[in-house]
Amino acid sequence: MAKELTPRHIDYAKWYNDLIIKADLAENSGVRGCMVIKPYGYAIWEKIQQELDRRFKETGHQNAYFPLFIPKSYLSKEADHVEGFAKECAVVTHYRLKNAPDGKGVIVDDEARLEEELIVRPTSETIIWDTYRNWIQSYRDLPLLINQWANVVRWEMRTRLFLRTAEFLWQEGHTAHATRDEAIAEAELMLNVYADFAERFMAIPVIKGVKSPNERFAGAEETYCIEAMMQDGKALQAGTSHFLGQNFARAFDVKFATKEGKEEYVWATSWGVSTRLIGALIMTHSDDNGLVLPPTLAPIQVVIVPIYRGREDFEKVNEVAVNIFENLKKAGIAVKYDDRDTHKPGWKFNEYELKGVPIRIAIGPKDIENNQVEIARRDTLEKVVVSQIGLTDYIRKLLEDIQETIYEKARAFRDSMVSSADTWEEFTRLLDEKGGFISAHWDGTSETEERIKELTKATIRCIPFDQKPEEGKCILTGKNSKGRVLFARAY
RNA sequence: CGGGAUGUAGCGCAGUUGGUAGCGCACCUGGUUUGGGACCAGGGGGUCCCAGGUUCGAGUCCUGGUAUCCCGACCA
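Reference entry: report on the structure contained in this document. (Residues numbered from 1 in each chain as written. Chains lettered and ligands numbered in written order. Predicted model: local features only at pLDDT ≥ 70, side-chain atom pairs only at ≥ 80, totals over all residues. Heavy atoms only, no water.)

Some thoughts on the overall build of chain A
Short version of the rule: Strands are runs of DSSP state E lasting at least two residues, helices are runs of H or I lasting at least four, and both sets are numbered from the N terminus onward. Buried means the residue's accessible area, taken with a 1.4 Å probe over protein chains only, is under 20% of the maximum for its type, while exposed means over 50%, and partly exposed covers the values in between. Here, residues are in contact when the closest pair of their heavy atoms is within 4.5 Å. All accessible areas in this document rest on Shrake-Rupley with a 1.4 Å probe, and a residue is counted as covered only by the protein chains that are shown. By the counting rule applied here, Lys and Arg register as positive and Asp and Glu as negative, while His and the ends of each chain are not counted. One atom stands in for each charge, and that atom is NZ of Lys, CZ of Arg, CG of Asp or CD of Glu.
For chain A, the helix and strand inventory stands at 14 helices and 26 strands. Its C-alpha atoms put chain A at 80 × 70 × 55 Å along the principal axes. Put simply, chain A has 491 residues, and 53% of those count as buried. Counting contacts in chain A only where the partners sit at least 6 residues apart, residues at least 24 apart contribute 68% of the total. Of the accessible surface of chain A, which amounts to about 23,200 Å², a share of 49% is contributed by carbon and sulfur atoms. Between the averaged position of the 67 positive side-chain charges in chain A and that of its 77 negative side-chain charges there is a distance of 2 Å.

Laid out in structure tokens, this is it:
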């Protein structure tokens, strides 16, 4: 039937795309490079938002909202920043349309040219720091801990659903601090929030580390990141946190009076995760039958499918099913009872597997007779028959077990995808034959990193926080190195 | 922005030498079905990407646009 997914081993990219369409997460839109996030996909994003928002508030942050449009002049105030984003900015030049002279539709009114063009934000540092100038006068105003949930636009040449779209949804935190140490601590704190969220909530194991200068955010002094490993052996940056030093404070003249009455520039951070996390989620857990969702993120955690022949059967089955449904709902479990008679049970089984619903309960005449139900778990595809007595507790424990199991499975896979290379031959062979992270020595220069990228398409994903000091020779140049960094081909 | 391909029903496609548009899925109606994507019967749905041109006649040939996809350079 038409719902079959392309298996991963045949074409991983096609599998990814098929899955998104068939699980009803998102679709391409009439606008090049922009996607429509459909209700089921958006429900997953809302779960991500809710949990992250809770964690941001818990660490003292407040939400605010800054404009979509940024005056062109703002962007050019920080040299590295503008350099980093200039090539992918959408620009608003006019503010009015008029009827076309030939009567066919509308055209841009040339007389309505903006005096200063507006950039559609690719990120909000500039508009935010321009605003912070007025908010910060004294050390008493610090720290300033703000987050915003927003859309941003980066005019990408090649796009892929969730992984890289011209417009995407994200959150961006922007904080101001009195001291360098405090700002660094904030950037590290938020990276830890991301890492903990990724692992506990999304069941995605990540490696924390620092970006090399080449991969650093434009305008940052230091970029921290969490890196995840996808099933096809490619790495994916799942979140970043930046220590911005005083770069934006200087560019936007944001100073404060210290306790001692001296005037100083403030220290800044910014940090973000985006709808890209949904791409990471898909490529970490899902299989050839479709999406696999960790219970914490699943819009539907349990689905109940009744099985029956004829009306009498249905009534008996329905009574039990409704009872189970009510009990699970009362227990705070997101449960759906699918009693549609327009689709056969087999159709429903496949549909909910495609959508990654963690647990399916099937109830038929046989089960009614024996006071049991059939339970199928999505992650392992195992089916068991269990008693109707104590079912709610059983389900609750099973949800926890699924969460744990898929995380452990992903972690075991990730661990198996970290290799070491000590020679160039070994390095390139591992990249081509196995993929994954390759731990190797690097001489610390931008030129070498660039050269390795040209030769192999692999980049330094991060210098891990837990890097062990170790004398060695650079994989490419043979020059001295004091520790290994993680290379990978990446999304 | 370079290289390649493709635009025909909601989706996936076929359409011969130029002769007035079809298949599968989906959809609608009725019936039989229901423990892993049911079956039968009937039905609806088209600016054949757009604009010119050749021709008695163009989905098909020619010219020019345009859109999308794939591969490269750039990126969360």
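A closer look at the layout of surface pockets
Applicable threshold: Points on a 1 Å grid, built from protein atoms alone, make a cavity when a 1.4 Å probe fits but cannot get out and make a pocket when they are open with protein on both sides within 12 Å along at least 5 of 7 lines; residues with an atom within 4 Å of a point are the lining residues. Grid points are joined across faces, edges and corners, and a volume is the space filled by probe spheres set on the points. Polar here means any residue outside two lists: the nonpolar Ala, Val, Leu, Ile, Met, Phe, Trp, Tyr, Cys and Pro, and the charged Asp, Glu, Lys and Arg; Gly therefore counts as polar. As annotated, the domain borders come from an automatic or database domain assignment.
The calculated volume of the largest pocket comes to roughly 1,700 Å³. Where the lining of the largest pocket is concerned, the elements lending two or more residues are α4 (79-85), β10 (167-177), β13 (235-245), β16 (267-274), α8 (276-285) and β24 (459-464). When grouped by side-chain class, the residues that make up the lining of the largest pocket number 14 nonpolar, 14 polar and 17 charged. When residues are assigned to domains, the lining of the largest pocket turns out to be shared by domain 1 (12-285) and domain 3 (418-488), each giving three or more. As a volume, the second largest pocket reaches approximately 420 Å³. Forming the walls of the second largest pocket are 16 residues, and the residues nearest its centre are I207, P464, D466, Q467 and L486. In terms of residue class, the lining of the second largest pocket is made up of seven nonpolar, two polar and seven charged. When we break the lining of the second largest pocket down by domain, the ones giving at least three residues each are domain 1 (12-285) and domain 3 (418-488).

Observations regarding the sheet that holds strand β17 (residues 302-306)
As a general point, the strands of a sheet are linked pairwise by backbone hydrogen bonds and lie either parallel or antiparallel. Selection criterion: Note on pairing: DSSP must find at least two bridges between two strands before they are called paired. Axis definition: a line fit to C-alpha positions, over the contact stretch in the case of helices; interaxial angles, taken between N-to-C directions, run 0 to 180 degrees.
Taken in spatial order, the five strands of this open sheet run β18-β17-β19-β20-β21, and their pairing is mixed. The strands lining the two open edges of the sheet, one partner per strand, are β18 (335-337) and β21 (383-387). On average, each strand axis in the sheet is inclined to that of its neighbour by 25°, with strand direction left out of account. Where strand β20 (residues 372-377) lies against β21, five bridges are found, and the strand directions are antiparallel. The residue bridging V373 from the neighbouring strand is V386, located in β21.

Let's talk about the side chain of Q372
Tracing the chain through its elements places Q372 in strand β20. Residue Q372 is classed as buried on the basis of its relative accessible area of 18%. Non-local contacts of Q372, meaning those with residues more than four positions away in its chain, are made with K366, D367, V385, V386, S387 and Q388.

Some points on the state of the cysteines
To keep things clear, this is the line we draw: Here, two cysteine sulfur atoms that lie within 2.5 Å of each other are counted as a disulfide.
Under the definition given, this model contains zero disulfides. Here C34 is not cross-linked by a disulfide; its sulfur's nearest cysteine counterpart is in C89, at 14 Å. For C34, a relative accessible area of 15% corresponds to the buried category. Of the cysteine sulfurs around C474, a residue in no disulfide, the closest is that of C462, at 17 Å.

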